[in-house]
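Coordinates in review
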Amino acid sequence: MNVQVAADPSPLVIAGREFRSRLILGTGKYRTNEEMVRAIEASGTEMVTVAVRRIDLDRTKEEGILYHLDPERWFLLPNTAGCYTAEDAVRYARLGRAAGISDWVKLEVIGDQRTLLPDVQATLEAAKILVAEGFKVLAYTNEDVVTALRLEDLGCAAVMPLASPIGSGLGLVNPYFIREIKSRLSCPVIVDAGVGTASDATLTMEQGVDGILMNTAVAEAQDPVRMAVAMRYGVEAGRLAYLAGRMPRREVAVPSSPTTGMLD
Amino acid sequence: MTTMIPVTINGDAREVAAGSTVRAVLDSLGLHPRLVVVEHNREILDREDYDNTEVQAGDTLELVHFVGGG
């Protein structure tokens, strides 16, 4: 038996769908599509996010992502990135669903351009509408437990608090609030945004959350494929450490070798 | 001679032949219907309706697809 499966026997389950990998990757900002696909393969992820945008009718840019990513191989999660109102987010979510791949959406409503922090009120409004329309809503939010609880009450399939601002790579700035959210919610908690390197991923998973969604940390690494592997191990390490239960912290040293049997 | 009518596609003023269906517009742009989502005057159009929806003068079409994003 695979050691990893034995050590972490339970899959990530969102809206009844099982994922063996607890890592979700974004598909933006890679230097080339070829590098993106190799990084996604290397990460072991089973779910990747995509954005909805106008087709460039003059074809000066790359073709759509479906030319590069097989939706049979990776579960595509359309997002509402770039939306600043509930109305826009609902419009983008509907367009994403109309592509005919799934009725899942990563709901993201931004409230501030500098920090890209979520507009909590608009996120709640949009979540309510989308849940009523049958969407499986995975809601990006800040690390506020009150908002997280409300998103769960509205019927979101997963709540996704940030580790730190989108694209910042600042890592997990508020482990306490992330732990609090995880302990209070029954739906999956996926930390979305802010992870910068593998140790950030590990520390985040050690808080007991169900998974991590990241993009820039992999896409903007010097070597995205290698970083994707590092993130895979980082997420697994953090998950296993959480399940294993860490030793208590002590203010004094305790020897690891016997204190008896020493020579005269 | 074909009569052309003004429409807005992805924010740009364009002209299409009068009587064109949405399907014909996609074909003229070289777009594969399966990889495109069409919003016609702010209403999302089912793929089955591309063939029987005629574009009128002044209509607005948004043609979108999936791109890389986080």
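Quick word on the overall build of chain A
The number of helices and strands found in chain A is 9 helices and 10 strands. On C-alpha atoms alone, chain A measures out to a radius of gyration of 20 Å, which is about the 18 Å that the 2.2 N^0.38 rule sets for 264 residues. Across its three principal axes, chain A shows a C-alpha extent of roughly 85 × 40 × 40 Å. Classification of the 264 residues of chain A by burial places 46% in the buried group. A separation threshold of at least 6 residues defines the contact pool for chain A, and within that pool the share at least 24 residues apart is 63%.

Here's the deal with the overall build of chain B
Secondary structure assignment for chain B yields 1 helix and 5 strands. Secondary structure of chain B in N-to-C order comes out as β-β-α-β-β-β. Computed over the C-alpha atoms, the radius of gyration of chain B is 12 Å, within 12% of the 11 Å expected from 2.2 N^0.38 for a compact globule of 70 residues. Buried positions account for 26% of the 70 residues belonging to chain B.

Description of the environment of Ser 43 of chain A
Residues and elements named next belong to chain A. Looking at the element boundaries, Ser 43 is found in helix H2 (residues 33-43). Along the chain, Ser 43 and Val 225 lie 182 residues apart, while their C-alpha atoms are 7.8 Å from each other. The contact partners of Ser 43, leaving out residues within four places of it in the chain, are Leu 23, Leu 25, Ala 228, Met 231 and Arg 232.

A few points about the interface of chain B and chain A
Contacts between the two partners involve 18 residues from chain B, matched on the other side by 26 residues from chain A. For the side of chain B that touches chain A, the elements supplying multiple residues, two or more each, are strand S3 (37-40) and strand S5 (60-68) of chain B. A total of 7 residues in the side of chain B that touches chain A trace back to one element, the largest contributor, which is S5 of chain B. In terms of residue class, the side of chain B that touches chain A is made up of 11 nonpolar, 5 polar and 2 charged. Inspection of the sheet shows strand S4 (residues 47-54) of chain A paired to S5 of chain B by 5 bridges, in the antiparallel sense.

Some details on the confidence of the model for chain B
The predicted model of chain B has a mean per-residue pLDDT of 94, with 100% of residues at 70 or higher. Model confidence for chain B, summarised as mean pLDDT per element, is weakest for helix H1 (residues 22-28) of chain B at 94 and strongest for S3 of chain B at 97.

Things to note about helix H4 (residues 120-132) of chain A
Residue and element names in this part refer to chain A. The terminal C-alpha atoms of H4 lie 18 Å apart, and with 13 residues this matches the ideal 18 Å at 1.5 Å per residue to within 8%. Every buried residue of H4 is accounted for by Ala 122, Thr 123, Leu 124, Ala 126, Ala 127 and Leu 130. In this structure, the buried side of H4 is in contact with helix H3 (86-98), strand S6 (104-107), strand S7 (136-141) and helix H5 (145-153). Count one or two residues on from H4 and you reach Gly 134, which has phi positive near 90°.

Considerations on the sheet that holds S7 of chain A
Residue and element names in this part refer to chain A. Overall, parallel pairing links the 3 strands, which are arranged S6-S7-S8 in an open sheet. Each having just a single partner strand, S6 and strand S8 (158-161) make up the two edges of the open sheet. Across the sheet, the axes of successive neighbouring strands diverge by a mean angle of 15°, strand direction being ignored. Bridging between S6 and S7 involves 4 bridges; their strand directions are parallel. Pairing of Val 105 across the sheet is with Val 137, part of S7.

Considerations on the nonpolar core
Residue and element names in this part refer to chain A. By size, the foremost hydrophobic cluster in this structure holds 89 residues, and its most contacted members are Leu 107, Ala 127, Leu 138, Ala 139, Ile 190, Ile 212 and Met 231. No other element matches the 6 residues that H3 contributes to this core. Among all residues touching Leu 107, those that are not within four sequence positions of it are Thr 80, Ala 89, Ala 93, Thr 123, Ala 126, Ala 127, Leu 130, Val 137, Leu 138, Ala 139 and Tyr 140.

Rules used throughout
Residues numbered from 1 in each chain as written. Chains lettered and ligands numbered in written order. Predicted model: local features only at pLDDT ≥ 70, side-chain atom pairs only at ≥ 80, totals over all residues. Helix = DSSP H or I, 4+ residues; strand = E, 2+ residues; numbered from the N terminus. Rg over C-alpha atoms; globule rule 2.2 N^0.38 Å. Buried ≥ 20, exposed ≤ 12 C-beta atoms within 10 Å, placed from the backbone. Contact = placed C-beta atoms within 7 Å. Nonpolar A, V, L, I, M, F, W, Y, C, P; charged D, E, K, R; others polar. Pairing = 2+ DSSP bridges. pLDDT = per-residue confidence, 0-100. Expected span 1.5 Å × (residues − 1). Axes fitted to C-alpha atoms, helices over the stretch in contact; angles between N-to-C directions. Core = buried A, V, L, I, M, F, W, Y, C linked by C-beta atoms within 7 Å.

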